[in-house]
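Remarks on the overall topology
These are the residues of each chain, in order.
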Amino acid sequence: MRKGERGYTLIELVVATTIIVTIAGAASIAIFQIMKGTSVNNTHMTAVRQVQNAGYWLSRDARMAQSVEADNLTPPNFIVFNWREWDEDDEEIFHTSTYFFEDLTDGVGKLKRTHWSSAGLNNQTLIADHIYYDPDDTEATSQFSYQTPVLTMRLTSRVENAVETREYRITHRPNI
């Protein structure tokens with residue numbers, strides 16, 4: 001060191017280090033809260049999308065249905081819709097869509113749809129993951145009631161700690 005030059009004192013270094021550590025700690029907490037909030041929001045949005053997708057498909061088939069089979073279904077079947085249409089040659093085409101649960105664990109599973117048509121169409125589609133179905137839990141489970149012509153459905157999705165429930169009231173098409 002040259003004559004007249006001074007370095008930092010120990011107190012100045014301790015104060016500067018304390019300020020830097022405080023700022024870094026506050027920034028770390030803020031980043032953690034943002035990341036945690038993002039994770040919670042993502043989980044909730046997943047639950048919302050699953051319920052909306054299930055509601056869309058069930059509503060779509062319910063509006064076309066000429067009959068709804070809801071009683072006396074054996075698990076894992078949830079609900080069955082039947083309808084008919086006519087092709088260009090005035091030939092009747094019959095359709096059946098059966099909704100059922102797969103891989104139920106603690107009441108949460110996949111909602112799937114099997115669509116059969118007398119015209120030869122037969123396919124299976126995954127409608128939604130994380131749909132809650134527990135017949136013993138009448139307060140929170142996904143369920144429906146059918147009072148001609150209105151089908152009322154309550155659908156519940158559970159993804160980790162996020163729960164989303166939607167209720168749908170669908171009137172099927174008039175029989176012509």
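The structure contained in this document is the topic of the report that follows.

Reading guide: rules and limits
Residues numbered from 1 in each chain as written. Predicted model: local features only at pLDDT ≥ 70, side-chain atom pairs only at ≥ 80, totals over all residues. Heavy atoms only, no water. Helix = DSSP H or I, 4+ residues; strand = E, 2+ residues; numbered from the N terminus. Rg over C-alpha atoms; globule rule 2.2 N^0.38 Å. Buried < 20%, exposed > 50% of the residue type's maximum accessible area, 1.4 Å probe, protein only. Contact = heavy atoms within 4.5 Å. Areas by Shrake-Rupley, 256 points an atom, 1.4 Å probe, with all protein chains shown as cover. Lys, Arg positive; Asp, Glu negative; His and termini not counted. Charge placed at Lys NZ, Arg CZ, Asp CG, Glu CD. Patch = residues over 30% accessible without salt bridge, like charges linked within 9 Å, V, L, I, M, F, W, Y side chains within 5 Å. Salt bridge = Lys/Arg side-chain N within 4 Å of Asp/Glu carboxyl O. Phe/Tyr/Trp six-rings, centres within 6.5 Å; stacked < 30°, edge-to-face > 60°.

**A few points about the overall build of the protein chain**
Assigned secondary structure in the protein chain consists of one helix and eight strands. On C-alpha atoms alone, the protein chain measures out to a radius of gyration of 28 Å, which is more than a quarter above the 16 Å that the 2.2 N^0.38 rule sets for 176 residues. Scored against the burial criterion, the 176 residues of the protein chain give a buried share of 31%. Within the protein chain, contacts between residues separated by at least 24 positions form 38% of all contacts whose residues are at least 6 apart in sequence. Carbon and sulfur atoms make up 54% of the accessible area of the protein chain, which totals about 11700 Å². Each charge class in the protein chain was averaged separately, 16 positive and 23 negative side chains, and the resulting centres sit 15 Å apart.

**Describing a nonpolar patch on the surface**
A cluster of nonpolar side chains, Ile 11, Val 15, Ile 19 and Ile 23, forms an exposed patch at the surface whose accessible area comes to about 410 Å². Considering the arrangement of structural elements, one finds Ile 11 in helix 1 (residues 10-64). Overall, Ile 11 belongs to the exposed group, its relative accessible area being 65%.

**Concerning the packing of aromatic side chains**
Summed over the entire model, instances satisfying the criterion amount to six aromatic pairs. Between Phe 78 and Phe 101 the ring centres are 5.2 Å apart and the planes differ by 75°, which places this aromatic pair in the edge-to-face class. One end of the pair, Phe 78, is in strand 2 (residues 77-86); the other, Phe 101, is in strand 3 (residues 92-105), with 23 residues separating them in the sequence. Classification of Phe 101 by relative accessible area gives buried; the value is 4%. Ring geometry for Phe 81 and Tyr 99: centres 5.9 Å apart, planes at 80°, overall edge-to-face.

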